[in-house]
Amino acid sequence: MSQQGYVATPPYSQPQPGIGALSPPLRGHYGDPSHSAPPSGIMKPAGPLGPTAPIGVLPPGPPNPGAHQFGQNGPNISGYTQQRFPGLPPVNNAVPPYPPASYPSPVSTSATTQLGHQLGAMQIHNYGPGMASGSSGIPAPPPAASFQGPPQLPQPSILQPGPRIPPPPPSTHNGLSTAPSLPPGSRQDGLPGSSPPTANFPSLPLPGQPPGPGYPPQQGTNYGPPQMPGAQLTSPVGFPGGPAQLAGPTQPPKKLDPDSIPSPIQVIENDRSTRSAQVYATNIRGQVPPLVTTDCMIQDQGNASPRYIRCTTYCFPSTSDMAKQSQLPLAAIIKPFAIVPPNEMPLYLVNHGESGPVRCNRCKAYMCPFMQFIEGGRKYQCGFCNCVNDVPPFYFQHLDHVGRRLDHYERPELSLGSYEFVATLDYCRNNKPPCPPAYIFMIDVSYSNVKNGLVRLICEELKTILENLPKEEQEETSAIRVGFVTYNKVLHFFNVKSNLAQPQMMVVTDVGEVFVPLLDGFLVNYQESKAVIHNLLDQIPEIFADSNENETVFAPVVHAGMEALKAADCPGKLYIFHSSLPTAEAPGKLKSRDDRKLINTDKEKTLFQPQTNIYETLAKDCVASGCCVNLFLFPNQYVDVASMGLVTLQTGGTLYKYNNFQKHLDSQTFLNDLRNDVQKMTGFDAIMRVRTSTGFRATDFFGAIYMNNTTDVEMAAVDCDKAVTVEFKHDDKLNEDNGALIQCAVLYTTISGQRRLRIHNISLNCSSQLADLYKSCETDALINFFAKSAFTAVLTQPLKTVRDILVHQTAHMLACYRKNCASPSAVSQLILPDAMKVFPVYMNSLLKNCVLLSRPEISMDERAYQRQLVMSMDVADTQLFFYPQLIPIHTMDVNSETLPVAIRCSEERLSEGGVFLLANGLRMFLWLGVSTPPDLIQGIFNVPSFTHINTDVTSLPEVGNPYSQKLRLTMSNIQQKKPYSMKLTIVKQREQPEMVFRQFLVEDKGLYGGASYVDFLCCVHKEICQLLS
Ligand SMILES: [Zn+2]
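The rules behind the values
Residues numbered from 1 in each chain as written. Predicted model: local features only at pLDDT ≥ 70, side-chain atom pairs only at ≥ 80, totals over all residues. Heavy atoms only, no water. Pairing = 2+ DSSP bridges. Helix = DSSP H or I, 4+ residues; strand = E, 2+ residues; numbered from the N terminus. Axes fitted to C-alpha atoms, helices over the stretch in contact; angles between N-to-C directions. Contact = heavy atoms within 4.5 Å. Expected span 1.5 Å × (residues − 1). Buried < 20%, exposed > 50% of the residue type's maximum accessible area, 1.4 Å probe, protein only. Salt bridge = Lys/Arg side-chain N within 4 Å of Asp/Glu carboxyl O. Polar contact = N/O pair within 3.5 Å; in protein donor to acceptor, adjacent residues only side chain to side chain.

Draft legend 1. Spotlight on the sheet that holds strand S29 (residues 915–919). Here four strands make up an open sheet; going across it, the order is S28-S29-S30-S31 and the pairing mixed. Each edge of the open sheet carries a strand with a single partner, namely strand S28 (885–888) and strand S31 (983–988). The sheet shows a mean angle of 20 degrees between the axes of neighbouring strands, taken without regard to direction. In this sheet, S31 lies alongside strand S30 (residues 923–928) in parallel orientation, the contact comprising six bridges. The residue bridging phenylalanine 925 from the neighbouring strand is threonine 985, located in S31. This element, helix H23 (residues 934–941), spans S29, S30 and S31 of the sheet and lies at about 145 degrees to S30.

Draft legend 2. Region of interest: helix H11 (residues 454–465). Under the 1.5 Å per step criterion, the end-to-end length of H11 is 16 Å for 12 residues, consistent within 8% with the ideal 16 Å. With nine of 12 residues buried, H11 is to be regarded as a mostly interior element. Buried within H11 are the following residues: Leu454, Val455, Leu457, Ile458, Cys459, Glu461, Leu462, Lys463 and Ile465. On its buried face, H11 is in contact with strand S12 (438–444), helix H10 (447–451), strand S13 (481–487), helix H12 (530–543), strand S17 (572–578) and helix H16 (663–679).

Draft legend 3. Quick peek at the pattern of salt bridges. Following the criterion strictly, the structure yields 45 salt bridges and no others. Across the pair aspartate 719 and lysine 722 runs a salt bridge whose closest N-O atoms are separated by 3.0 Å. This pair shows no difference in class: aspartate 719 is buried, exactly as lysine 722 is. Notably, a salt bridge pairs aspartate 1015 with lysine 1005, separated by 3.3 Å at the nearest N-O pair.

Draft legend 4. Just the environment of serine 643, in detail. In this structure, serine 643 sits in helix H15 (residues 641–650). Serine 643 sits 218 residues away from aspartate 861 along the chain, and the two C-alpha atoms are 9.8 Å apart. Apart from the residues lying within four places of it in its own chain, the contact partners of serine 643 are Leu590, Arg593, Gln609, Pro610, Gln611 and Tyr615. Side chain to side chain, serine 643 and aspartate 640 meet in a polar contact 2.8 Å long.

Draft legend 5. Quick peek at the pairing of S30. Burial runs high along S30: five of the six residues are buried. Bridging between S29 and S30 involves five bridges; their strand directions are antiparallel. Looking across to S30, one finds that valine 915 is bridged to leucine 928. The loop that links S29 with its antiparallel partner S30 comprises three residues; one of these, glycine 921, has a positive phi angle of about 100 degrees.

Draft legend 6. Expanded view of the sheet that holds strand S21 (residues 696–702). Reading across from one edge, S4-S6-S24-S21 is the order of the four strands in this open sheet, with antiparallel pairing throughout. In this open sheet, the two strands that pair with only one neighbour each are strand S4 (309–311) and S21. Going from strand to strand, the sheet's axes swing by 25 degrees on average, the running direction of each strand aside. When strand S6 (residues 331–334) meets strand S24 (residues 724–730), the two strands line up antiparallel, connected through four bridges. In the sheet register, isoleucine 333 faces S24, and the bridge partner there is threonine 725.

Put into structure tokens, the structure is as follows:
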């Protein structure tokens, strides 16, 4: 068989979003099954990803020079620059959008050791049991003097220069009143002319105060915006050591100008204005990408697109001591199946035939741009482990005068950050090519689901959904087979074989040891069995119309689905539509335990844990069989999401929840979710491995994943919305010349049953200067990491401990920056690294989230649900979730393409005459001020006045005027990019539902605790002062 170098996809003018984007391999890559001996007894192909992988048969001969479409594949290829390897000059002089990150030296770091000792002694980043009591002790408030600073005059200066700008005159230390807006391009991306990387925010001096002898030493001042209704309702419990000390009824409220503290909106808008018009090319090591909120075109030039990988910092510290000192987490958020927009290049598929991918003999890393070819092209040195490998004969190519292979730009795996390999049989279960996946629909037909119309709704919708099962681009029909089960406290399987006149039902009553009563006819091709399936879907609502059965089972349902997939020897997804606590006598039976007594006690964590370990065992078995569990919950009361959701979380599935489902209000949200999920780009039976260059390694993984050992991330399925957050730790010193290299490889089965490897590579810088770390960090990614690590810690730690750790670590990171990187300044000033300017407001929102801080109106199920959702979110999802988008709709220009700029999430930004749209990825609100102009109301709702507006709806009417159209389009655009369908709630100012809405105004003090942004800044500042004193 001749060796096809790779199979190129069509130019990017023709891609299909999602599944169809990759061209199929050309020929028999699964070849003769006898060509390699199967490793016996291995269910998972641990070999190829592990250290003992066979490297396959190496056919002789040079590569076929014929298949070189890659180099001519569109205009974006020609501009490649190659700057990854020191010593290799760029191929051409295309000007990269950003110069390589090179920064002026930071200020002296001589003082770092002392702080390092302090930080180290506190063991901040440790959720281990030893931390529990120690960290909950909040340091006493710092001496007043250190907090308050010298006598001060109010001066209009907020942004104090960082290292690159001479220190300001001392008199500007304290001023705060008129914050000049940030200049465009103020991020830390090394742009020439960008603003200083440090922002100073004096937290105490207040505008309008008479110049005087500094601040009164009392701790009682409430710095929250005093006009905020509700601010005085309760004493804050949101974070330790913070506003509790600051707030006091006896002090006159003072107003800190909210415009003087860093604004997320401004940071987002600045990044948009400087970077959205550019093409972001990934050719530079350690380059910080545009923010997730900035739309721009991304061009893979040797590192994975930020759509696939984002990092908390793009410059790693050289030593573990530095890492400990800064407390900056080193993590990557990997979304291996991210959808790329149509104007970007889909992934190339590389097919080395029976040889399989070329891999390092020692560390098993896959061929990638980080491998350096030497000795005339006969050998290559692995960028990860430095091992010198022979180039397999079929892969040999000569080098040019700069030591680069002549086919460099013709092979995706040599010149791109992301690509796919066709996997050989060595990478398949039992060395057999996999079968295409199957989807099994499992409907709870107990009384309440039948009565509220849900069963009929699902059956009707399935007829449409099944017509649109995902398929490969070039295939006419989907290869996915489908099966159907209904259940209450027994299970009903359906035979829908195409030759039957009527579907046949088989009842399994023994739920203790569930089995699959039929093999032939259960999983079928939809098109072939369409008539029988439609017949079945028509009959199901009738069969159970008179059912009085209230009890349900759950674990046996999952078990049955898994057994069915196992029997068919294929991976797949279960779609389970369930509504109640499974109380029927069966394995996995649950009892109601929504135990409010435990809230705010050390035992609160148990409410996030499953109440029986059977679900964990079940999840493990499911993963071993490639069975992914998607769960659609329709609860009217407690269903124990913490227990039932576990199997979903650990199998890479998605959990959807529709409280008190009402058909006329919630159908659209549910059906959108279901359609979207069925059609999602998904990899099945997946196993991910993250390799790194020497000196550091991946230590912790967070996501909808299962870990059977410390290195293999198993996912029964992984879809385009799922992201895995990976934390790295040093095990040695990193070399500044080599940087820090990361390779993520995902072995998976496609929707048509091909086994493939998807590879993402990224190279980061290393530095022995702390300032470089802070310049290259990304707040949105940091928040993603902190959210997932904290939401993992709630399973084992008291919530207060988890919150304390987050507050401490925030202070430590900022204190370390101030001590080692910032210009000397008065201790009263709060100084934030430019790249972390809005870190505190996001962190405060995380601290106030109902997972970490209970609220009376939020059920335990809702908390467990939100916890689970966040665990698999990517950076864009967590950004929106913790800082919702709030758009002043009344300022919308219907004649303009652009949307009004969002406003900050605070009540004081709302106006009585305005209409505001808020979205956080799970919910959407349209808030209407009491003085909204009637013509606006008419335009949106087609009713004459505020009082006529019906709030008992979940969608807006189609009014048919440009205003209504633009608003509806805006809402649909916000929705489009998000994995969950957001239910719309209409909120009128000063009516009861406003209480719910206000919880999303995350800069304000929470109604039931949780600090305001201003209070949190004060709290953090205080702790920083203490660390520095
Ligand atoms: Zn290696």
